[in-house]
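Structural characterization, general
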Amino acid sequence: MAIGGFVLEGEGQAMSDGLRLPRFSVGVGDRFAHQAKAQLRACMMAGDAGVQVAPVWNKSNREHVILGSEPGATRAAADRAVREMGWTGPYFVDADHIGLKTMARFLEPCDFFTIDVAEEIGRPATARDVDAFAKRHAELVGEVRIPSIAQPFRTDADFVKGVANKFLTAVQTAGLIYRAIAENKGVGRFVAEVSMDETDSPQTPVELLIILAAIADEGIPIQTIAPKFTGRFNKGVDYVGDVAQFAKEFGEDVAAIAFAVERYGLPENLKLSVHSGSDKFSIYRAIHEAVTRSGAGVHLKTAGTTWLEELIGLAEAGGGGLEIAKEVYREAYAHAEELMGPYAAVIDIDRAELPLPQVVDGWTGEQYVAALRHDRANAAYNQSFRQLLHVGFKVAAKMGERYLRALEANEAVVARNVTRNLFERHIRPVFLG
Ligand SMILES: [Zn+2]
């Protein structure tokens, strides 16, 4: 039974027009499935402050593989937190960055699927498909006027065909994956996102518009799309790039989406999904201004930040908690190459900046926290230290029960950091301004 436009916990019944992602939502990662309540509390604080933000617990296949965890555990933690906290709003569990080969074990527990087709970008489409696309979309050739974008885009047939050739295969693959999920779960029983962020070059707003036309042709009712934005989105650290350029393109992306919804009949709640890689504080204002100005929605994925708050909480707790935090660093330092490998494209670690483990072993909790907490105003903050720990969660996974027991023993201080970070530093600037 759906009430007030969303589905109640545990029932899994879609509304007649399908499961719907609200205007504002936040993708939170919970690597060890211990922070769902603390994260949910941040969404409750948003509600108290006057804005509804739906939590989406996302965990990628890559994370599950590194941790040896199962998507069902993410669902169980989310359901438990919702029950215990009495959350009555919508919430979702996201199969983040899945493809045909990896989707199977996500089908049952998840109701949000981030269909990752970045690898297919640039794989040439057939000439027939490209020509048919160009013929079908004469409106994309020439002067393309989009309400609220002052300067019309100027394109020609070659440009549109070039973009189609670059993206059609990816969109067709997304269609295959979408239909495979729909066959299993039922149409309208899940939220579909298409992600193209984990690729080398950003997509411009006009490219996004062409991609959306292709997605509509393919019949995928996406509610979120994650393009690659201009600038660097390294894991756990701030945005590196031209903030003004980002703001301009983000605003144009929002306008392109509104236009595509109208023109191509995509779901009216379609919105941008920002895969932040966590902590892109310097672009949060631009995002807030763009959605406020336009009335658009936004989905902010900021997953890895929570795992680092666990370490901050443990260090702050001192004693055995601090010892565990130091051990995580020691092991991460010893296995840096292996840990950095899968994330090579999204980290910039300066090895010379990494403190030696024997130095860290001598630190107080305050020193550890000062180096790790993302506070650029603090001279002791160390970006390389933070990034290495960001990708170092495998070390904690290897500790197994010992790490989990430390989280449980220090639950209050860890939860306080998780909630405060998520609410004050992410939810507030993006959704409340
Ligand atoms: Zn992503």
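Residues numbered from 1 in each chain as written. Predicted model: local features only at pLDDT ≥ 70, side-chain atom pairs only at ≥ 80, totals over all residues.

**Some points on the overall build of the protein**
Per the secondary structure count, the protein includes 17 helices and twelve strands. Since a compact globule built from 433 residues should have a radius of gyration of about 22 Å, the 22 Å found for the protein is in line with a globular shape. Classification of the 433 residues of the protein by burial places 48% in the buried group. Expressed as a percentage of contacts within the protein between residues at least 6 apart in sequence, the contacts between residues at least 24 apart total 78%. (Helix = DSSP H or I, 4+ residues; strand = E, 2+ residues; numbered from the N terminus. Rg over C-alpha atoms; globule rule 2.2 N^0.38 Å. Buried ≥ 20, exposed ≤ 12 C-beta atoms within 10 Å, placed from the backbone. Contact = placed C-beta atoms within 7 Å.)

**Notes on the sheet that holds strand β9 (residues 191-195)**
Backbone-to-backbone hydrogen bonds pair the strands of a sheet. The strands run either parallel or antiparallel. If you trace the eight strands once around the closed barrel, you get β3-β4-β5-β6-β9-β10-β11-β12, paired in parallel fashion. Neighbour-to-neighbour, the strand axes of this sheet turn through a mean angle of 25°, independent of strand direction. Of the pairings in the sheet, the one linking strand β3 (residues 24-28) to strand β12 (residues 298-301) comprises four bridges and is parallel in character. Bridging from a neighbouring strand, F24 pairs with V298 of β12. Along the sheet, helix α5 (residues 157-185) contacts β6 (112-116) and β9; its crossing angle with β6, the most-contacted strand, is approximately 155°. (Pairing = 2+ DSSP bridges. Axes fitted to C-alpha atoms, helices over the stretch in contact; angles between N-to-C directions.)

**Digging into the environment of R285**
Tracing the backbone shows R285 in helix α8 (residues 281-294). A count of 14 C-beta atoms within 10 Å places R285 in the partly exposed class. In the structure, R285 is positioned 108 residues away from F393 in sequence and 29 Å away in space, judged by C-alpha atoms.

**Digging into the nonpolar core**
Counting residues in each nonpolar core, the largest one holds 129 residues, and the members touching the most others are A174, I210, L212, A214, I215 and I287. Looking at which domains feed residues into this core, each of domain 1 (2-304) and domain 2 (307-416) supplies at least three. Ignoring anything within four residues of it in the chain, the contact list for A174 reads I115, V117, V194, I215, E218 and I220. (Core = buried A, V, L, I, M, F, W, Y, C linked by C-beta atoms within 7 Å. Domains from an automatic or database assignment.)

**Observations regarding the pairing of strand β5 (residues 92-98)**
Across the seven residues that make up β5, a large majority, seven, are buried. Pairing of strand β4 (residues 54-60) with β5 involves five bridges; the strand directions are parallel. Within β5, the position partnered with V56 by the bridge is F92. Of the strand pairs in this sheet, β5 and β6 are connected by three bridges, and their pairing is parallel. Across the sheet, residue I98 finds its bridge partner in β6, namely I115.

**Some thoughts on the pairing of β12**
Of the two faces of β12, the one holding V298 and L300 and the one holding H299 and K301 are both buried throughout. Once you follow strand β11 (residues 271-275) into α8 and on to β12, the crossover reads as right-handed. (Right-handed = clockwise from strand over helix to strand, strands pointing away.)

**Topic: the domain arrangement of the protein**
Per the domain assignment, the segments making up the protein are domain 1 (2-304) and domain 2 (307-416). Here domain 1 and domain 2 have C-alpha centroids that lie 30 Å from each other. Those elements that provide at least two residues to the side of domain 1 that touches domain 2 are α1 (36-48) and α2 (61-67). For the side of domain 1 that touches domain 2, the leading source of residues is α2, giving three residues.

**A word on the confidence of the model for the protein**
With 96% of its residues at a pLDDT of 70 or more, the protein shows a mean pLDDT of 94. Considering only residues more than four positions removed or in separate chains, one finds that residues 1-16, a stretch of pLDDT under 50, has 22 contacts. (pLDDT = per-residue confidence, 0-100.)

**Examining the packing of helix α7 (residues 243-264) against α8**
Relative orientation of the contacting elements α7 and α8 amounts to 30°, with a least axis distance of 9 Å. Comparing their axes, α8 and α7 come out roughly parallel. The handedness of the crossing between α7 and α8 comes out as right-handed. Contacts between α7 and α8 involve V243, F246, A247, F250, G251, V254 and A258 from the former and S282, I283, A286, I287, A290 and S294 from the latter. For the contact of α7 with α8, the class distribution of residues is ten nonpolar, three polar and no charged. (Parallel < 35°, antiparallel > 145°, perpendicular 65-115°, else oblique. Left-handed = near helix turned anticlockwise from the far one by under 90°. Nonpolar A, V, L, I, M, F, W, Y, C, P; charged D, E, K, R; others polar.)

**Regarding unusual backbone geometry**
As a rule of thumb, non-glycine residues mostly have phi less than zero, and peptide bonds are mostly trans rather than cis. Unlike most non-glycine residues, H97 shows phi in positive territory, near 55°. Relative to the elements of secondary structure, H97 occurs in strand β5. One non-glycine residue with positive phi stands out, namely S148, at about 75°.

**Description of the packing of α1 against helix α17 (residues 411-432)**
The contact between α1 and α17 brings their axes to 8 Å, and the two run at 40°. Considering the angle they form, α1 stands oblique to α17. Considering the relative orientation of α1 and α17, their crossing is right-handed. Along the contact surface, α1 presents K37, A38, Q39, R41, A42, M45 and A46, while α17 presents A415, V418, T419, L422, F423, I427 and F431. For the contact of α1 with α17, a count of residues per class yields ten nonpolar, two polar and two charged.

**Some remarks on the environment of V26**
Mapped onto the elements, V26 comes out in strand β3. The sequence separation of V26 and L422 amounts to 396 residues, and the corresponding C-alpha distance is 9.5 Å.

**Brief notes about the environment of F190**
Along the chain, F190 falls in the loop between α5 and β9. Remark: the alpha-carbon pair of F190 and G321, spanning 131 residues in sequence, is separated by 39 Å. Setting aside anything within four residues of it in sequence, one finds F190 in contact with L19, D111, F112, F113, I181 and K185.

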